[in-house]
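Secondary and tertiary structure notes
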Amino acid sequence: MTLGFKNGTVLLPDGALAKRDVAIANGQIVAVGEGVAAGWPGAIEVPEGWVVLPGVIDPQVHFREPGLEHKEDLTSAARACAKGGVTAFLEMPNTRPLTTTQATLDDKLARAARSCVVNYGFFIGSTPDLLPDLDTAGPTCGIKAFMGSMHGPLLMSDPAVLDRLFARGDRLIAVHAEDQARIEARRQLYAGCSDPAVHSLIQDNQAALMATQLAVGLAQKYQRRLHILHLSTADEALWLRTHKTPNISCEVTPQHLLLDITAYETLGTLAQMNPPLRTPGDRRVLWQALRDGVIDCIATDHAPHTLTEKAQTYPQSPSGMPGVETELPLMLTAAQAGECTIAQVGRWMSENVARLYQIPNKGRIAPGWDADLVVVNLQAYRPVVRSELLTKCAWSPFEGWKLTGWPEITVVNGQIAYRDRQVHPEPLGQPLRFDPNFWATV
Ligand code: DOR
């Protein structure tokens with residue numbers, strides 16, 4: 001099975017954008033160079049203005065299967081990924097049943113094998129009883145701990161329990177860092193208020209900073225690998241500048257970079273998510289922290305809810321917004337506007353994620369690496385249109401935004417997963433592997 005790209009502008013591992021051919025066989029990149037795909041079976045001529053990037057690895061998504069398939073399922077979500085240039089995802093445990101055991105992890109892996117057109121990995125969720133499978137179940141990208149913003153058994157808000165979690169085992173812990181006690185106290189202050197804008201006041205910057213500081217303290221106490229999910233505030237970004245150590249990484253979502261509290265006026269509860277949108281000032285500091293390497297990567301926190309669910313009055317309305325279809329064009333549009341470079345987007349959305357989560361052989365366009373690629377069109381600008389979306393929830397907070405860098409072709413494991421606005425009907429995805437040694441030797 002061969003495929004290739006001729007004369008494309010290719011993002012190379014050193015960050016250069018250069019005219020190259022890419023030759024692919026049996027799921028891997030076999031050659032990158034001038035003329036190497038001439039006469040190569042299956043090679044596609046890349047039009048001027050299209051750019052070949054490593055496929056996006058989205059390290060935080062909620063795909064709702066099993067149990068909440070009316071919002072999304074693994075098939076629809078993975079199709080949306082292929083359309084968005086996302087060739088792999090790491091999915092969260094707040095499904096029904098919760099993914100907290102080897103059996104529930106195995107069930108998700110089996111479902112994904114039957115349904116996902118892109119590659120997949122899953123978190124195992126921590127509950128306060130710290131089930132033994134937390135340390136032994138696999139394959140998994142890590143343990144998810146909701147320090148706040150969660151009801152039921154996944155809520156890990158007790159500092160003593162968190163201390164025991166960090167003390168035990170050695171796999172990566174990814175935290176949703178919001179202080180539950182502070183959120184609950186502030187909820188009383190705004191009781192009876194149905195304006196969704198109060199969401200950002202209840203779950204304020206201080207609630208996020210307190211939880212981030214607690215998690216960082218525990219990671220340093222036990223020298224534990226910590227990943228802070230969806231960093232949202234200037235306060236956290238500024239504090240991490242001087243307190244982040246090599247065992248700690250963090251991410252930011254496109255919506256925390258590109259939307260702020262003014263979005264409630266136009267989007268209402270569609271702008272409601274956890275952690276909430278912040279001020280324009282927070283956005284500016286997050287961008288700078290990303291450019292400076294304080295923030296390591298981009299994740300969407302794709303969290304679909306139906307429009308009917310979202311139409312409920314705040315605070316009954318659920319938190320979360322979809323993102324996998326728009327994340328790459330949003331970031332490339334920001335790059336074209338001068339916020340960052342295309343090379344940075346490639347690093348933040350692919351190589352850095354593979355490195356942080358110890359995913360071997362992905363994140364670079366180089367011989368011997370897996371052929372997970374996306375070819376984007378930087379010639380044209382097209383709006384985000386609701387009727388074109390493949391996510392089952394069928395809405396986006398970015399509808400109407402005119403974006404460039406839309407994927408034209410997505411390649412997963414050396415096969416075309418998306419082209420001509422069509423998604424491949426077969427499940428081309430494979431389970432991601434997690435190997436602590438690979439990136440140490442690259
Ligand atoms: O807004 C959110 N919604 N944030 C999360 O972390 C969870 C998510 C969901 O699952 O709906």
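Above: the structure in question.
Residues numbered from 1 in each chain as written. Predicted model: local features only at pLDDT ≥ 70, side-chain atom pairs only at ≥ 80, totals over all residues. Heavy atoms only, no water.

For the rest of this paragraph, the subject is the sheet that holds strand 11 (residues 226-228). Spatial ordering of the open sheet is given by 6-7-8-9-10-11-12-13, a layout of eight strands whose pairing is parallel. Whereas interior strands pair on both sides, the edge strands pair on one side only; in this sheet they are strand 6 (56-61) and strand 13 (297-298). Taken strand by strand, helix 7 (residues 205-221) contacts strand 10 (173-176), strand 11 and strand 12 (248-252), and its axis lies near 165° from that of strand 11. (Pairing = 2+ DSSP bridges. Helix = DSSP H or I, 4+ residues; strand = E, 2+ residues; numbered from the N terminus. Contact = heavy atoms within 4.5 Å. Axes fitted to C-alpha atoms, helices over the stretch in contact; angles between N-to-C directions.)

Before going further, it helps to spend a moment on the packing of aromatic side chains. This model, assessed by the stated rule, comprises eight aromatic pairs. Centre to centre, the rings of phenylalanine 89 and phenylalanine 122 are 6.1 Å apart; their planes meet at 75°, and the pair counts as edge-to-face. On the criterion of sequence distance, the pair formed by phenylalanine 89 in strand 7 (residues 86-91) and phenylalanine 122 in strand 8 (residues 119-125) is long-range, its members being 33 residues apart. Given the relative accessible area of 0%, phenylalanine 89 is considered buried. Judged by centre distance (5.5 Å) and plane angle (85°), the ring pair of phenylalanine 438 and tryptophan 439 falls under edge-to-face. Here tryptophan 439 falls in the buried class, since its relative accessible area comes to 7%. Taken together, the ring pairs connect Phe63, Phe89, Tyr120 and Phe122 into an aromatic cluster. Seen from the ring of tryptophan 406, arginine 382 lies directly overhead, with NZ or CZ sitting 5.2 Å from the centre. (Phe/Tyr/Trp six-rings, centres within 6.5 Å; stacked < 30°, edge-to-face > 60°. Buried < 20%, exposed > 50% of the residue type's maximum accessible area, 1.4 Å probe, protein only. Lys NZ or Arg CZ within 6 Å of the ring centre and 35° of its normal.)

It is worth spelling out the site of the ligand at this point. Taken together, His62, Arg64, Asn94, His176, His230, Met273, Asn274, Asp301, Ala303, His305, Ser319 and Gly320 are the residues near the ligand. In the environment of the ligand, an oxygen atom lies 2.8 Å from a nitrogen or oxygen atom belonging to the side chain of arginine 64. Measuring from an oxygen atom of the ligand, one finds a side-chain N or O atom of histidine 305 at 3.0 Å. When the ligand is considered free in solution it has 290 Å² of accessible area, and contact with the protein chains removes 94% of it. Counted by class, the shell around the ligand contains two nonpolar, eight polar and two charged residues. (Near = heavy atom within 4 Å. Polar contact = N/O pair within 3.5 Å; in protein donor to acceptor, adjacent residues only side chain to side chain. Areas by Shrake-Rupley, 256 points an atom, 1.4 Å probe, with all protein chains shown as cover. Nonpolar A, V, L, I, M, F, W, Y, C, P; charged D, E, K, R; others polar.)

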